[in-house]
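# Coordinates in review
Here are the chains, one letter per residue:
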Number of protein chains: 2
Amino acid sequence: MTSTRDAALHADVDRPSRREQILRAAAQLFAERGSRAVGVDDVGAAVGVTGPAIYRHFSSKDAMLAEMLLRISERLADGGRDRVAAAGADPAAQLRALIDFQVEFALDNPALIVVHDRDLTSLPAPEATRVRRLQRQYVEVWVTVLARLHPGAEAADCRARAHAVFGLINSTPHSAGRLGRPAMHDLLARMAEAAATA
Amino acid sequence: MTSTRDAALHADVDRPSRREQILRAAAQLFAERGSRAVGVDDVGAAVGVTGPAIYRHFSSKDAMLAEMLLRISERLADGGRDRVAAAGADPAAQLRALIDFQVEFALDNPALIVVHDRDLTSLPAPEATRVRRLQRQYVEVWVTVLARLHPGAEAADCRARAHAVFGLINSTPHSAGRLGRPAMHDLLARMAEAAATA
DNA sequence: CGCAGAGGTTAACCGTCGTTCACGCCGGCG
DNA sequence: CGCCGGCGTGAACGACGGTTAACCTCTGCG
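Residues numbered from 1 in each chain as written. Chains lettered and ligands numbered in written order. Predicted model: local features only at pLDDT ≥ 70, side-chain atom pairs only at ≥ 80, totals over all residues. Heavy atoms only, no water.

Looking at an unreviewed UniProt entry, chain A carries the name TetR family transcriptional regulator, with the source organism given as Blastococcus saxobsidens.

Here it is as structure tokens:
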């Protein structure tokens, strides 16, 4: 028999629901051209339907973008917490866990990385606030770890460090896969650790 | 007496021409909301005129964006070349010169940094091509230096390294000046060098 | 003096795009 | 069987925003 969990997983990965297809296609298009430059007709066409069909699945174009950004922020915030918790008590090990996590995410989802920080400004205020809250949570996970690694440093210093490391790792969309994925993972992780502990 | 060079300098810095005012205001607004989200009326209002007045100084909104991005790319490409040339023959010194240059630029022009890589996609094809060519030139300056510092590494490796360092340094808009400027410069330069040489 | 041209203004034009409407198809369920 | 709800379509609507047009006002200069 098939549990609902298996069914959901199956639906997501193997034969995604129309809703899920739309979200994926939209993420890709938004990343390439920017959310304001892609029309609802473009998104529809990318999944083989006409523009207005979108409204059977989302209440508005903004709602699509909102769900996209909220999912990303949640995945990062949750993932960050989990990885640190699983890494034991050593701050250096926690940092490595965070770096691995972020590098994996950035290599797996370059499109989401792009949309995440480019199109936040085109999100209506209430949703934007929720996204920013989640982002802040994720940053704070990093700041906490960095603060333990640099006992003398003030919080602002650690926050700037965190953002700098994000920028470093999230450069993946710019250096489109000329290097193999394992080599890329290794390189970024090494650079990130060096930067974070410098 | 006042040489034409002094006059130009004076005009740019002290009492900028309307054209220059517009370009500055537009850069600020574009950075905050994204070029597609700000109207010509907004830009006009920011310098105290109405929207259509813009067309006395620029042929179109796209032309404004184009000039903005071309200037940035040129400043970076030229500045990069100059700094390396002035740094002597030692690759490590050249790297430090490039890092200093990029950090200064990023701290001086956070708005331009944002517009530079977010709004390139909303630029018409011919101008976008020119901007990309300049960007490539700048990247190549970095790649050349990095290649000499990592004799074993292949070009793709050095290119990824360069983009990662850009991402690191260009994180300035995200960590808005909570840290003092000298401290920020120092921190970023140290992290960048550690990352570049890891 | 008077004209020219630079730089502004308001009003209008028009294409694009998000969104809604009215309708059609189809598959499951009573 | 017959109805109903999920999905999709093409057409139309309405707002917004870039661009143009027509007109006005200064300033400098022959």
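Tallying secondary structure elements over chain A gives nine helices and zero strands in all. Helices and strands appear in chain A in the N-to-C order α-α-α-α-α-α-α-α-α. Relative to its full complement of 198 residues, chain A shows a buried share of 47%. Looking at chain A alone, contacts between residues at least 24 apart form 69% of all its contacts between residues at least 6 apart. By element, 52% of the accessible surface of chain A is carried by carbon and sulfur atoms, the whole surface being about 9600 Å². Separation of charge centres in chain A, based on 25 positive and 24 negative side chains, amounts to 2 Å. (Helix = DSSP H or I, 4+ residues; strand = E, 2+ residues; numbered from the N terminus. Buried < 20%, exposed > 50% of the residue type's maximum accessible area, 1.4 Å probe, protein only. Contact = heavy atoms within 4.5 Å. Areas by Shrake-Rupley, 256 points an atom, 1.4 Å probe, with all protein chains shown as cover. Lys, Arg positive; Asp, Glu negative; His and termini not counted. Charge placed at Lys NZ, Arg CZ, Asp CG, Glu CD.)

In the vicinity of DNA strand C, 15 residues are found, and the nearest of them are Y55 and K61 of chain A together with R18, T50 and R56 of chain B. Of everything in DNA strand C that lies within 4 Å of the protein, sugar and phosphate atoms constitute 56%. K61 of chain A has a polar side-chain atom sitting 2.8 Å from a phosphate oxygen of DNA strand C. Taken together, the residues of the surface near DNA strand C sort by class into seven nonpolar, four polar and four charged. (Near = heavy atom within 4 Å. Polar contact = N/O pair within 3.5 Å; in protein donor to acceptor, adjacent residues only side chain to side chain. Nonpolar A, V, L, I, M, F, W, Y, C, P; charged D, E, K, R; others polar.)

With that out of the way, let us pick up the protein's contact with DNA strand D. R18, T50, R56 and H57 of chain A together with Y55 of chain B are the nearest of the 15 residues found near DNA strand D. Taking all atoms of DNA strand D within 4 Å of the protein, the share assigned to sugar and phosphate is 54%. Within the side chain of T50 of chain A, an N or O atom sits 2.5 Å from a phosphate oxygen of DNA strand D. Side-chain polar atom of K61 of chain B to a phosphate oxygen of DNA strand D: 2.8 Å apart, as the coordinates give it. Looking at the surface near DNA strand D residue by residue, the class counts come to seven nonpolar, four polar and four charged.

Attention shifts here to the confidence of the model for chain A. When the pLDDT values of chain A are averaged, the result is 93; 93% of them are 70 or greater. Here residues 1-12 of chain A is a poorly scored stretch, pLDDT under 50, and it has six contacts once near neighbours within four places are set aside; other chains count. (pLDDT = per-residue confidence, 0-100.)

Moving on, we come to the pattern of salt bridges. One pass over the structure, following the stated rule, counts 24 salt bridges over all chains. Within the structure, one salt-bridge network assembled from shared partners comprises R19, E20, E67 and R71 of chain A. (Salt bridge = Lys/Arg side-chain N within 4 Å of Asp/Glu carboxyl O.)

A word on a positive patch on the surface. Together, R130, R132, R133 and R136 of chain A give the surface a local cluster of positive charge. Counting through the fold element by element, R133 of chain A comes out in helix α7 (residues 125-149). (Patch = residues over 30% accessible without salt bridge, like charges linked within 9 Å, V, L, I, M, F, W, Y side chains within 5 Å.)

Take the environment of V40 of chain B next. All names here are of chain B. Mapping V40 onto the fold places it in helix α3 (residues 40-47). As for V40 and E140, which are separated by 100 residues in sequence, their C-alpha atoms are 36 Å apart. Residues within four places of V40 in sequence aside, it is in contact with G51, I54, Y55 and K61.

This part takes up the interface of chain A and chain B. Each partner contributes residues to the interface: chain A has 32 residues there, and chain B has 32 residues. Interface of chain A and chain B: buried area, both sides summed, is about 2600 Å²; carbon and sulfur atoms make up 69% of it. The interface formed by chain A and chain B includes zero salt bridges. For the side of chain A that touches chain B, the elements supplying multiple residues, two or more each, are α2 (18-33), α6 (110-118), α8 (155-169) and α9 (181-197) of chain A. In terms of residues, the side of chain A that touches chain B owes the most to one element, α8 of chain A, which gives ten residues. Of the residues belonging to the side of chain A that touches chain B, the class tally is 15 nonpolar, six polar and eleven charged. (Buried area = accessible area lost by both parts, 1.4 Å probe.)

This part takes up the packing of aromatic side chains. On inspection of all chains with the given rule, the structure shows eight aromatic pairs over all chains. Summarising the aromatic geometry, the rings of Y138 of chain B and W142 of chain B are spaced 6.4 Å apart at their centres and angled 80° between planes, so their arrangement reads as edge-to-face. One end of the pair, Y138 of chain B, and the other, W142 of chain B, are both in helix α7 (residues 125-149), four residues apart, so they sit about a helical turn from each other. Exposure class is identical for Y138 of chain B and W142 of chain B. Each is buried. Ring centres of W142 of chain B and F166 of chain B lie 5.2 Å apart, and the angle between their planes is 80°; this geometry places the pair in the edge-to-face category. Here W142 of chain B is found in helix α7, whereas its partner F166 of chain B is found in helix α8 (residues 155-169), with 24 residues between them in sequence. Both residues of the pair, W142 of chain B and F166 of chain B, count as buried. Pairwise contacts between aromatic rings join F101, Y138, W142 and F166 of chain A into one cluster. (Phe/Tyr/Trp six-rings, centres within 6.5 Å; stacked < 30°, edge-to-face > 60°.)

A few words on the UniProt feature "DNA-binding region" (unreviewed entry) in chain A. The UniProt record marks residues 39-58 of chain A with the feature "DNA-binding region" (unreviewed entry), using the residue numbering of this structure. Annotated as 35% helix and 0% strand, the span residues 39-58 of chain A places its first and last C-alpha atoms 14 Å apart. (UniProt positions renumbered as here; feature names shortened; annotations may be inferred.)

Quick look at empty space enclosed by the protein now. Throughout the structure, instances matching the rule amount to one cavity of 30 Å³ or more. Residue lining of the largest cavity: 18 residues in total, with R36 and D119 of chain A together with G34, R36 and D119 of chain B positioned closest to the centre. Residue classes in the lining of the largest cavity are distributed as two nonpolar, eight polar and eight charged. (1 Å grid on protein atoms, 1.4 Å probe; cavity = no way out; pocket = protein on both sides within 12 Å on 5 of 7 lines; lining within 4 Å. Points joined across faces, edges and corners; volume = space filled by probe spheres on them.)

The subject of this paragraph is the packing of α7 of chain A against α8 of chain A. Residue and element names in this part refer to chain A. Two elements in contact, α7 and α8, have axes whose closest approach is 9 Å; the angle formed by their N-to-C orientations is 115°. As for the relative orientation of α7 and α8, their crossing is right-handed in sense. Contacts from Y138, V139, E140, W142, V143, L146 and A147 of α7 reach α8 at C158, R159, R161, A162, H163, V165 and F166. When its residues are assigned to classes, the contact of α7 with α8 shows ten nonpolar, one polar and three charged. (Axes fitted to C-alpha atoms, helices over the stretch in contact; angles between N-to-C directions. Left-handed = near helix turned anticlockwise from the far one by under 90°.)

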